[in-house]
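# Analysis of the macromolecular model
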Amino acid sequence: MPHEVELIATIAIGFALAFTFGFIAIRLGLPPLVGYLIAGVSIGPSTPGFVADSGMAGQLAEIGVILLMFGVGLHFSIADLMAVRRIAIPGAIGQIVIATAIGAGMAALWGWSLGAGLVLGLCLSVASTVVLLKALEERNAVETPNGRIAIGWLIVEDLAMVLTLVLLPAFAEAFGGRASDDAPGHGLLTILGITLAKVAAFMAILLLIGPRVLPWMLTQVARTGSRELFTLCVLAVALGIAFGSAKLFGVSFALGAFFAGMVLHESDLSHKAAENSLPLQDAFAVLFFVSVGMLFDPSIILREPFMVAAVLLLILVGKSLVALGIVLVLGYPLSTALTVSASLGQIGEFSFILAGLGITYGLMEKEGLNLILAGALLSITLNPLMFAGVDRLIRRVRANPRLKKEFEDSRNTRFARLKEDLDSTRRQAEEKAAAHKTFTPEELVDRFPLFKGLMPEQREVLVLHFEPRTAQPGERIIRAGDRADAVYFISEGQVEVSVGGRRIKLGPGDFFGEMALISGLPRSADVTALDYSKFATLSRRDFRQFLSRYPDIRDQIAALAGQRREMNRNLANESA
Ligand code: CMP
């Protein structure tokens, strides 16, 4: 194939086949993931017929992983991570250690070296966040406490794997591999220190500067009213931070993107950012599964059936039992233990990267990667079945009065506390959002018929410009003769305009403060709150911009301001 169209060919064929096989899979009652994986196998080098460029597919898949992790970050706050830390940190670390030990032991039985065994064990010990998220999304469980625990657990695993990836080259020689060229002459402790410092620097910079800069930037872009610029900004932030963090700090693409999302989570616009990046996220995540399929050589199942079976057993049963045990020992309920075990009963992206690195440094044979790929493909395929089994088990436990009492979530104090923590972070986030928001674009039109002519997009942008303000009864909001800074749209309560000895009441749906902004003169009247009142205000700059963008509305407002001026002039004449 000519070199210039390889990217297009990979995307086109990847999408087309993933769609076809995904559709067939759903029709057969299988999860679509299985279809995507088979699509990959069918265009991989191990099967006859067309062979797609696996390097290219791998890079496209990486974009999928970045966007997906960015999406997780957008829905996940630091407070969430803190709420689940008591179970996620000991759980993830304990599980990695035990599963790695089992894997290494199994490899020792096959006569592999210690280094190869450790790499295999580590690869099998870490589950795929991509697969987990798809599974949770499918069962609508991303927002549930058990879903949050599973995600937090995998984030800790991912962090541990990032460290492993960085440290592996340094340890390679000690375990019988090739020496690392990156850090000649440095001791292990130095490398460990440098790595930790890099990750810490990355997190500090992003978490300290990010929350100030990123949401501000997003708001500025939203104010331009251009949807494509907004989407572009979201993608630039996600991919830019992922790439930059990998280049500068040696943090993985995926982790960088996760933190970028987490920083934006604090922004009011995060839901819109998530919405805009979702279609791309979905499309590229599909390519992730296709590229896994492409790497797979199905003949290994016939060549080494027992090894494949052993690896699969460790992933599906061994790891799950370890996780189940850890969760129960930590004192959490059975439903949590089962959900976490099902979540972890697969392997994915990090395992391939780690295995690849193990081969590069001469720790593991190429066959090891094939084995890991077989384990990944089969476990990803079987994972939905595990979730279904867990669901059935939980239902059965709940149906049994004796067991139900024993395992009821609400009786478990640790779980109750964790749930409370999660609920309270959620409440705080909602309160914060509510304090920032004046109202929704729909309410805007309900309350102010003036804005009826605006397109939904334009309403959304207008709502963004509004600053909420409140006033107590008797409070002077505008003083005649002052310099004008904003216009007020009344959403609740009542105010009184006093001009020329007359008092005019204004209520919800009315606006005031426009005259001085239009004329450039000082305020023409006093305005006082009669009730506890709420306003949406537009600053002088935003108001001017708004008027110039929507001439129809400008004419209406200007007409009313003209009437008021006329009325005031008459009043002044009368009193004179
Ligand atoms: P501004 O002059 O900026 O500040 C005082 C506001 O009171 C003024 O804008 C109008 O919005 C409002 N106002 C002034 N005169 C009248 C009127 N006759 N009827 C209703 N509102 C008025």
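Residues numbered from 1 in each chain as written. Predicted model: local features only at pLDDT ≥ 70, side-chain atom pairs only at ≥ 80, totals over all residues. Heavy atoms only, no water.

## Thoughts on the sheet that holds strand β1 (residues 467-471)
Strand order in the open sheet formed by four strands is β1-β8-β3-β6, and the pairing between neighbours is antiparallel. Among the strands making up the open sheet, the edge pair consists of β1 and β6 (511-512). Pairing of β1 with strand β8 (residues 533-539), which is carried by five bridges, proceeds in the antiparallel orientation. The partner of A471 across the bridge, within β8, is S533. Together, β3 (486-492) and β8 form the strand contacts of helix α23 (residues 540-549), whose direction differs from that of β8 by roughly 70 degrees. (Pairing = 2+ DSSP bridges. Helix = DSSP H or I, 4+ residues; strand = E, 2+ residues; numbered from the N terminus. Contact = heavy atoms within 4.5 Å. Axes fitted to C-alpha atoms, helices over the stretch in contact; angles between N-to-C directions.)

## Details of the side chain of S343
You can see S343 is positioned in helix α15 (residues 334-344). S343 has contacts with A127, L132, A150 and F387, leaving out every residue within four places of it along the chain.

## Notes on the pattern of salt bridges
By the definition in use, this model includes 17 salt bridges. Between E492 and K534 there is a salt bridge whose closest N-O contact spans 3.9 Å. Remark: K534 occurs in strand β8 and E492 occurs in strand β3; sequence separation between them is 42 residues. A single network of salt bridges, built from pairs that share partners, joins D80, E143, R148 and R426. (Salt bridge = Lys/Arg side-chain N within 4 Å of Asp/Glu carboxyl O.)

## Quick word on the packing of helix α8 (residues 145-172) against helix α9 (residues 188-223)
At a minimum axis separation of 10 Å, α8 and α9 run at an interaxial angle of 155 degrees. By the angle class used here, α8 and α9 are roughly antiparallel. In terms of crossing hand, the pair formed by α8 and α9 is right-handed. Across from L163, V166, L167, A170 and F171 in α8, the residues of α9 making contact are L188, I191, L192, T195 and L196. Residue composition of the contact of α8 with α9, grouped by class: nine nonpolar, one polar and no charged. (Parallel < 35°, antiparallel > 145°, perpendicular 65-115°, else oblique. Left-handed = near helix turned anticlockwise from the far one by under 90°. Nonpolar A, V, L, I, M, F, W, Y, C, P; charged D, E, K, R; others polar.)

## Some points on the sheet that holds strand β2 (residues 476-478)
Strand order in this open sheet of four strands is β2-β7-β4-β5, and the pairing throughout is antiparallel. Looking at the sheet topology across the chains shown, the edges are occupied by β2 and β5 (502-506). Pairwise comparison of adjacent strand axes, ignoring direction, gives a mean angle of 30 degrees for this sheet. The strands touched by helix α24 (residues 551-575) are β4 (495-499) and β5; relative to β5, the strand with the most contacts, the crossing angle is about 160 degrees.

## Thoughts on the packing of aromatic side chains
Per the stated rule, a full pass over the model turns up 17 aromatic pairs. Centre to centre, the rings of Y488 and F512 are 4.9 Å apart; their planes meet at 5 degrees, and the pair counts as stacked. You can see Y488 sitting in strand β3 and its partner F512 sitting in strand β6, a full 24 residues away along the chain. By relative accessible area, Y488 is classed as buried at 2%. (Phe/Tyr/Trp six-rings, centres within 6.5 Å; stacked < 30°, edge-to-face > 60°. Buried < 20%, exposed > 50% of the residue type's maximum accessible area, 1.4 Å probe, protein only.)

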